[in-house]
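Remarks on the overall topology
Residue-level listing of the chains:
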Amino acid sequence: MKREELTAKFEELFGAGGDIRAYYAPGRVNLIGEHTDYNGGHVFPCALTIGTYMIARKREDRKLRFYSMNFEKLGVAESSLDELEPQKHKLWIQYPEGVIWTFGKKGYPVEQGFDILLYGNIPNGSGLSSSASVELVTGVMLRDMLGFDTLTNIDLSLFGQYSENHYNGVNCGIMDQFAIGMGKKDHAIFLDTSSLDYRYVPVKLEGARIVIACSNKKRGLADSKYNERRSECESALAELQKVKKIASLGDLTEEEFEELQGAISNPIWRKRAKHAVYENQRTIQACRCLEKNDIETFGTLMNASHVSLRDDYEVTGIELDTLAEAAWNCRGVIGSRMTGAGFGGCTVSIVKTEEIENFIEEVGRIYEEKIGYKADFYVVDIGDGAGVLAE
Ligand code: GLA
């Protein structure tokens, strides 16, 4: 969809004239480092070249009017700066609303309403962070429109996370918002979530590409299960802290964990903590592999990550397991694993370019046979982070 088409739709809905501006925020895929970001560990995501577009204009009053070209049947949704209240409703507008509310909470008051049109080409509910993308596009819009120029993209990422935690009630970590705010074309971001130190690593896949397989499973209770995993890790950490001075599970090496794990009384919490510790170490190693162009070992670590998410963290489910296992058996696959929160969503695979067609056919066939409906496949590129949309 072109900018002119979006602007034309905006003008048709909200009228022409005034200072109409355009913004963009990508989706993200995490290469490795899953469920480590709220455990003080490392993650290794990248921004995609698909994302969310926003056209916006300030209003004179305090009304907020939203329209999504992805939910045309819903029409224009209206709310107001005086009606922002956490978890009041479950409509999609809770994401932009939450960020507007967060700006106020953080000392950047929003005193005037907006007319807002959104269009996204991230498949909905795919696990590629369409909601964090909406949060960041709202953040860059507010910064630009209201002249809050001192706010960095890292600040906006933190605002997005705050909004998700406190307005939308999902206790997520910082990975999605950070990847979307700070993404860089053809690079992955190696981020230490305990300090927010990060570095960009070029993703040179030498004859291979990143392929996303979307399970199309309805995500249902995903948010509550996500919060449950997080509190299981917190319980494990509290018990470990009685025997060792650590700030997070990310502070432990595998050896230290093996030595101390007896301090965790509940076997389920022990498994969750084991995943968090081992996955963090795998992520550190995977980053080094990519820096050395050792893609083969990188792929092996991706596979091990899936197994750990399946067996110890228990967030995969039959759909993601079927996709990953079918991929492992496919020609030209360097590595494959679930990505994002799990409980549905998608897998990320690195596949040799000449085998991609066969991969999509094979994995697609096996998935449909076993699960009863189709998976969708996307060959993706790594793009830049959120910002003003260039003319
Ligand atoms: C979701 C959350 C992230 C992260 C992943 C799992 O995407 O939003 O913060 O915890 O799940 O790695």
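The paragraphs below set out a description of the structure included in this document. Bear in mind that the values here come from a model prediction, so they are computed numbers and not experimental data.

So, about unusual backbone geometry. In this model, His35 sits at a positive phi of 60 degrees, which is unusual for a non-glycine residue. Mapped onto the elements of the fold, His35 is located in the loop between strand E1 (21-30) and strand E2 (42-43). Unlike most non-glycine residues, Glu206 shows phi in positive territory, near 40 degrees. You can see Glu206 is positioned in the loop between strand E8 (197-202) and strand E9 (208-214). What makes Glu206 exposed here is its relative accessible area of 59%.

This part takes up the nonpolar core. Membership of the largest hydrophobic core comes to 39 residues, with the highest contact counts inside it found for Leu240, Leu249, Leu252, Leu323, Phe359, Val363 and Phe377. Taken together, the elements giving at least two residues each to this core come down to E9, helix H6 (222-241), helix H7 (254-260), helix H8 (267-291), helix H10 (317-328), strand E10 (333-339) and helix H11 (356-371). Mapped onto the domain boundaries, this core takes at least three residues apiece from domain 1 (3-202 + 383-388) and domain 2 (208-380). Excluding residues within four positions of it along the chain, Leu252 makes contact with Leu240, Lys244, Ile246, Phe257, Leu260, Val277 and Gln281. Judged by nonpolar contacts, the second largest core, of 35 residues, contains Tyr23, Ala25, Phe114 and Leu156.

Around the ligand, a shell composed of Arg28, Glu34, His35, Asp37, Tyr38, Cys172, Gly173, Met175, Asp176, Tyr226, Gly340 and Ala341 is seen. Separating an oxygen atom of the ligand from a side-chain N or O atom of Glu34 is a distance of 2.6 Å. Ala341 is positioned such that a nitrogen or oxygen atom in its backbone is 3.4 Å from an oxygen atom of the ligand. For the ligand, the protein covers 93% of the area, taking 310 Å² as the surface of the free molecule. Counted by class, the shell around the ligand contains 5 nonpolar, 3 polar and 4 charged residues. Both domain 1 (3-202 + 383-388) and domain 2 (208-380) contribute no fewer than three residues apiece to the shell around the ligand.

Read across the sheet, 3 strands follow the order E2-E7-E8 without closing on themselves; strand pairing throughout is antiparallel. If you trace the sheet from one side to the other, it starts and ends with E2 and E8, each paired once. Sitting on the sheet, H8 is in contact with E2, strand E7 (187-192) and E8, with an inclination near 40 degrees to E8.

Criteria and thresholds
- Here the residue numbering is sequential within each chain, running from 1 through the sequence in written order.
- Reporting of local features is limited, given that this is a predicted model, to residues whose pLDDT is at least 70; pairs of side-chain atoms are given and counted only at 80 or more, and all residues count toward the totals for whole chains, interfaces and linings.
- Excluding hydrogens and water, the side-chain figures rest on all heavy atoms present in the structure.
- Helix and strand definitions here come from DSSP, where helices need a minimum of 4 consecutive H or I residues and strands a minimum of 2 consecutive E residues; each element is numbered from the N-terminal end.
- Relative accessible area decides the class of each residue, using a 1.4 Å probe on protein chains only: under 20% of the type maximum gives buried, over 50% gives exposed, and in between gives partly exposed.
- Think of a nonpolar core as a cluster: buried Ala, Val, Leu, Ile, Met, Phe, Trp, Tyr and Cys residues, connected wherever their side-chain atoms sit within 4.5 Å.
- The split of the chain into domains comes from an automatic or database domain assignment.
- Contacts between residues were defined by any pair of non-hydrogen atoms, one from each residue, lying within 4.5 Å.
- Think of it this way: one heavy atom of a residue within 4 Å of a molecule or strand is enough to make that residue near it.
- Distance and chemistry together define a polar contact, namely a pair of N or O atoms within 3.5 Å, with one atom able to donate a hydrogen and the other to accept it when in protein, and with adjacent residues in sequence counting only for side-chain atoms on both sides.
- Note that accessible areas follow from Shrake-Rupley with a 1.4 Å probe, and for residues the cover is restricted to the protein chains shown.
- Classification used: nonpolar for Ala, Val, Leu, Ile, Met, Phe, Trp, Tyr, Cys and Pro, charged for Asp, Glu, Lys and Arg, polar for all others including Gly.
- Pairing between strands is defined by DSSP: at least two bridges between them are needed.
- In this analysis, axes come from line fits to C-alpha atoms, helices being fitted only over the stretch in contact, and the angle between any two N-to-C directions falls in the range 0 to 180 degrees.

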